[in-house]
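# Observations on chain architecture
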Amino acid sequence: MASSSSLASSRLIHAFSFKSWDHDVFLSFRGEDTRKTFVDHLYKALKQQGIHTYKDDETLPRGESIGPSLLHAIQESRIAVVIFSEKYADSSWCLDELAYIMECRDTRGQIVMPVFYDVDPSDVRKQTGKYGEAFENKHELENKHKVESWRKALANAGNLSGWVPKDIANGHEAKCIEEIVRAVNSRLSQLSSDDNKDDLIGMETRSEELVSKLKIGSGGVRFVGVWGLGGSGKTVLASFAYEKISKHFDDHYILENIRYESSQAPGLKGLQEKLLSRILQTEVKLDSEQEGRRMIERRFSNKSVLIVLDDVDDLKQLEQLAGGHNWFGEGSRIMITTRDENVLTHYADEIYTVSLLSEDEAIKLFHRHAYREDKPIEDYESLSQDVVSYAGGLPLALKILGSSLYDKDKNEWMSALAKLRDIPSSEIMKKLKISYDALEPDERELFLDIACVLRRWPLDKAKMILDCNFHTVIGVKVLVQKSLINVSNGTFDMHDLIEEMAHYIVTGEHHDRPEKLSRVWRVKDVLDICYVDTTMVNDETKVLVLPPRLPHDVTNMNRLWMFDYPTSLPSHVTDPRLPPVVANMKKLRWIYWEGYPESSLPINFQPINLGCLMLIMGRQKELWKGCKQLPHLKILDLRYSKYLKRTPDFNGLPLLERLNLKACVLLEEIHPSIGFHKRLAYITMIGCSKVKMFPPIISMENLETLKLSECEGLKRFPVIQTNMDRLKKLCLDGTPIEIVPASVGQFCTNLASLDLNGCIKLKTIEGNFRLLKSLKYLNLQSCRQLENLAENFFDVECCLDVLSLSTKRQDSTFFKNVMNCMGLHFFHKESSVKRMKFPKLPRYLTKLTLSWCNIGDGDIPTDICQLLNLQELDLSLNKFSRLDSSLSGIPHLKSLDLTNCYNLVELPDLPLSICILKATDCDSLKSVGDLSKYKCLWKVSLWREHKLIGGERALRSMLQGNVDEDRFMSVTLPGGLQVTNAFPYISTYTLQLPQNWYNDFSGILLCADNLQDYPYKIFITETPILMDSQPDHWEEFDKNPESYDYALVGYVPFSSLQNTLWWNSTYTAITIHMEGIANPKVALVPRISKGDSRVRAKSAIEFSDEEVEVKNTFRILSYSKLAAMVVWTHGGIGSSFIPTETQVPDGLFAPALTKEPDESEEEAKRIYIEYKKLYSKETRKEIKRST
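What counts and what doesn't
- Residues numbered from 1 in each chain as written.
- Predicted model: local features only at pLDDT ≥ 70, side-chain atom pairs only at ≥ 80, totals over all residues.
- Heavy atoms only, no water.
- UniProt positions renumbered as here; feature names shortened; annotations may be inferred.
- Helix = DSSP H or I, 4+ residues; strand = E, 2+ residues; numbered from the N terminus.
- Buried < 20%, exposed > 50% of the residue type's maximum accessible area, 1.4 Å probe, protein only.
- Contact = heavy atoms within 4.5 Å.
- Areas by Shrake-Rupley, 256 points an atom, 1.4 Å probe, with all protein chains shown as cover.
- Salt bridge = Lys/Arg side-chain N within 4 Å of Asp/Glu carboxyl O.
- Polar contact = N/O pair within 3.5 Å; in protein donor to acceptor, adjacent residues only side chain to side chain.
- Expected span 1.5 Å × (residues − 1).
- 1 Å grid on protein atoms, 1.4 Å probe; cavity = no way out; pocket = protein on both sides within 12 Å on 5 of 7 lines; lining within 4 Å.
- Points joined across faces, edges and corners; volume = space filled by probe spheres on them.
- Pairing = 2+ DSSP bridges.

Per an unreviewed UniProt entry, the protein goes by ADP-ribosyl cyclase/cyclic ADP-ribose hydrolase and derives from Deinandra increscens subsp. villosa. Turning to the protein, the UniProt record has this under Catalytic activity (unreviewed entry): "NAD(+) + H2O = ADP-D-ribose + nicotinamide + H(+)".

What follows is the structure, encoded as structure tokens:
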């Protein structure tokens, strides 16, 4: 027989049910017939299986009245096994038992299983033989009032299917007992599942996924981990799966609560004994853990076993209980539930991550525990929704909270919810805190920093801060493995209740004493510390963050301060009482402070452990007086401190690695000690317009990045007097330097990126750039006075990857503003420009910009066609009328930009690899030609004011020729309305889907009359068609190409929607709500390819323009089953042309560099108005004539 049972799993699942039973099985028998023989063996077999069995002489306390206790035991048993023997009917006690058992069968659904031991079932059923004699000779005389009920009970029981031991296996009782135990086991498992199906909400699908990872029947031995957050249902899920598959194994067992049991005597040895005893069906005692290891391996290696090791938290536990695949026989499966992924890495063949409940599942589970049909409460739905939202899909929290609210009225519910906002449930916190308690001390500190302050911060910025005090990489891995945090969408994140647990730990017993908190970040606490005694030393606070309005509250961090800078900061942040209090915080290791007051940091400010000091938008003129010793400071960030005049002395900051002075617009003096700093690796001074000189670089051998962009007063390149082999990035764009000295080539030999864009006074690049063997990026755009580069300026074998050589020579103030602020590109009169002579191009280029280089017919460098790695080529704003057909020979070219090439008459032959073609405002272009042969082409820009012969056929030829129906397409066509702001175009269509639409059609075509820079937003929802409603009609995909007379056409394949929560191929109608699209047209596109339409959704198009255009052209969003959202941004004149926002990607935040927000907006409007005047039809014609 199977030597172990699924009852362990039944009990685990059973624990989540309201209805409970005292016993699994009640044994009814005649003692003198079977107590020491058959019943004794059956009882032992049931107990070995973990089946809680009631046997009167074993269970009843001595001296207790049998009657009431016995009746209660019968009533509280799930199954009654009745052993009918020869003298069973002689006993009135047995017959009373039987009568009550049969009554419980009728009233409570109790299962009755008869065993006919040495009696004929017909004697029991008809009361003949020994049973008839008992009634005739005894009961008819002594118990007349009970005879009728006893006879009825015997008749009904005799009619039940049961076992006759003498007829099984030639009378071998052991075989019969094996069958009985197996049947009891099966019925209990089934009953347990049925009773708890409401508590197993969401487990069916998850258990199927888990079972699929076990690969039952595939042979071999497999270990599968079940990993997830505390309280997420790992144990219940593993037990549920266990019940489903246990019948496929020789032996099976769930070893429960390993984390707890291993910490109690006798520890792992006791767990080994329990496992061995259950599987081997005999009591096992061990002398040591090593003996247990050897015995498990020896005795289990020839068995097919299913074992669940529940709540493992230490690798040693697995080593002692399941030390390897070779410990178990062919076909064995081991499931391991844990909160710590690390314990699975050495053993598990696969890991199943337990997902939290969906909103619908969470509502159902909460309802199961909280709702009383006999006592419904007012506003139950809205109140329960608040609780479900708080629990965040965590089953443990839903059950605890539901049970606690079960018998409460509306006012009590509201009070309980209000309390939760301030004081979390201690029962939930205790359960979640188990993972925290298992951390090392430094890991606990790291977790609390992330949970209290850095949740949803950009990952790179958060790690940069944490690296000042922790070994972040390994620490974060531990926290992820223990299910305390996760890394998603480039940020740290966690469950809301885990964050609340961290807050609970930090506040602890000091809820009303902020000076005792290890981390101060909440508004209330920041306000309270303003009133703390300024003479009292604080040895508790380690992290100070204010104001508590942090970057994770804002989606677009680059615009965070555009509207706040700097006047809207909370008053308590700039409170002059704060600095003296902070100066007494001696254990500080990180300060983040926006809007520091006007005074310098106090003299007694000396936190020895301070690793990161960030005073953003401070009002101080100098950081501190004199030289301050901060021996562990690694990051000094003073961004946007608009009144700062001078930097501190860097001699007292020996470990400083990062210095950020971005947009310190009044900064004039850089302390000369910076040039001697040996540890500095990163310096940014972008927008420090008053700085006239960077101190001589004497010994900055660790410097990797130096950004001096937009330092408008910096006329001379920094003097370099030492080797700077680690310098990788040098940004001098927007500075008035005139010469790049030879020292760059001499001392910066590992330079990878040099940006000189907009250096309008640059005349000469001295030195030998051929020495820069690591240079990959060089930007010389808008270097108007730069002399022609020598033909051998580059080593053709160098690794240069991106090269921009546009000149943009134009001296008018307006053009300067437009080009520098907005990147607008316009032709200038030929008399003011001479054609640029190009150097020999490096052969490994992938991106080349030759925009506005006055290139005419035949002037394109001949070696362009030899650039075998080239992917992006920008030839916009040049005067050629035709392009050499040899361009088609560039094998990997994917993006070609011909925008504003007004003289271009025809498109050249393109490489077959082309994905993106931009030919906006090519007014002389006569025809487009056939685009169908370019199978990768998905984005085309052909917009101009007047018609283009054949332009309307561009989309059709692309759709017909493109064999991949699952690729997005976005096309601008000639004509149509071009706008630069998002007009309130809003349209809604309800459309009935054709039968078999998903197999017959590949996607949706969207057409717009307007071209705008802002995204179009398309919301798609499933809509039931009502009987009296009249749905809109789909436009037909017209065979007449002239019908596509639109400014913009896009194609969204159905495959791109497949992975959204919204997707369902059985929908019969949908509603499409469109914002920003004028005169929209919506069409279904028939499939070209026939056959299996169940294609895989592509995660990305073949060549994404994300880097080229900044934004993806299409983004598919879906946060629920209710709707999918398509965000479509083709770009007409482009967001880069109009200053709608300040973009400074290298900082945490990006306010306007030199102006208040209102001034910036006014300046942007002024430039835009001038641009619109310039770009009128008449002006454009004049520009064309000049070219």
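So that's the structure; there's more coming.
### A closer look at the overall build of the protein
Along the backbone of the protein there are 34 helices and 41 strands. By residue count, 56% of the 1187 residues in the protein fall in the buried class. Of the contacts made within the protein by residues no fewer than 6 positions apart, 68% connect residues no fewer than 24 positions apart. Working note: accessible area of the protein is about 51,100 Å², and carbon and sulfur atoms make up 48% of it.

### Points about the pattern of salt bridges
Across all of its chains, the model carries 36 salt bridges by this definition. A salt bridge links Arg 522 to Asp 525, with the nearest nitrogen and oxygen atoms 2.8 Å apart. Judged by relative accessible area, Arg 522 falls into the partly exposed class, the value being 23%. The class of Asp 525 is buried, set by a relative accessible area of 0%. The salt bridge involving Arg 646 is made with Glu 669; its shortest N-O contact spans 3.9 Å. With a gap of 23 residues between them, Arg 646 in the loop between strand 16 (635–637) and strand 17 (658–660) and Glu 669 in the loop between strand 17 and strand 18 (682–684) connect regions that are remote in the sequence. We classify Glu 669 as partly exposed; its relative accessible area is 41%. Within this structure, Glu 445, Asp 449, Arg 519, Lys 542 and Arg 589 form a network of salt bridges that share partners.

### A few points about the environment of Arg 182
Looking at where Arg 182 falls in the secondary structure, it is placed in helix 10 (residues 173–195). Using a relative accessible area of 43% as the deciding quantity, one classes Arg 182 as partly exposed. Taking C-alpha positions, Arg 182 is 9.6 Å from Gln 49, a pair spaced 133 residues apart along the chain. For Arg 182, the side chain forms a polar contact with the side chain of Glu 178, separated by 2.8 Å.

### Details of the environment of Asp 311
By secondary structure assignment, the location of Asp 311 is in the loop between strand 7 (305–309) and helix 16 (315–321). Beyond its immediate sequence surroundings of up to four residues, Asp 311 is in contact with Asn 257, Ile 258, Arg 259, Gln 317 and Thr 337.

### Some thoughts on helix 14 (residues 267–280)
The end-to-end C-alpha distance of helix 14, which contains 14 residues, comes to 20 Å, matching closely the 20 Å that a straight helix rising 1.5 Å per residue would cover. For helix 14, the tally of buried residues reaches 11 of 14 residues, placing the bulk of the element in the interior. Looking only at helix 14, the buried set comprises Gly 267, Leu 268, Gly 270, Leu 271, Gln 272, Glu 273, Leu 275, Leu 276, Ser 277, Ile 279 and Leu 280. Considering only its buried residues, helix 14 is in contact with strand 6 (251–255), helix 13 (258–263), helix 15 (289–300), strand 7 and helix 16. Where helix 14 ends, the next residue or the one after it, Gln 281, has phi of about 65°, a positive value.

### Here's the deal with empty space enclosed by the protein
This structure, assessed with the given rule, holds 12 cavities of 30 Å³ or more. In this structure, the second largest cavity occupies an estimated 100 Å³ of space.

### Let's talk about the sheet that holds strand 4 (residues 111–116)
With respect to topology, four strands assemble into an open sheet ordered 2-1-3-4, the strand pairing being parallel. The open sheet is flanked by strand 2 (53–54) and strand 4, the only strands paired with a single partner. Bridge count for strand 3 (residues 77–84) against strand 4 is six bridges, and the pairing is parallel. Note that in strand 4 the partner of Ala 80 across the bridge is Val 112.

### As for unusual backbone geometry
In this structure, the amide linkage connecting Ala 265 to the following residue, Pro 266, adopts the cis form with an omega of 0°. Even without being a glycine, Ser 483 presents a positive backbone phi close to 65°. The residue Ser 483 is located in the loop between helix 24 (472–481) and strand 10 (486–488) in this model. Residue class for Ser 483 comes out buried when judged on its relative accessible area of 12%. If you check the backbone angles, Ser 782 has positive phi at about 65° while not being a glycine. Among the structural elements, Ser 782 can be located in the loop between strand 24 (777–779) and strand 25 (802–804). On the accessibility criterion, Ser 782 (5% relative accessible area) is buried.

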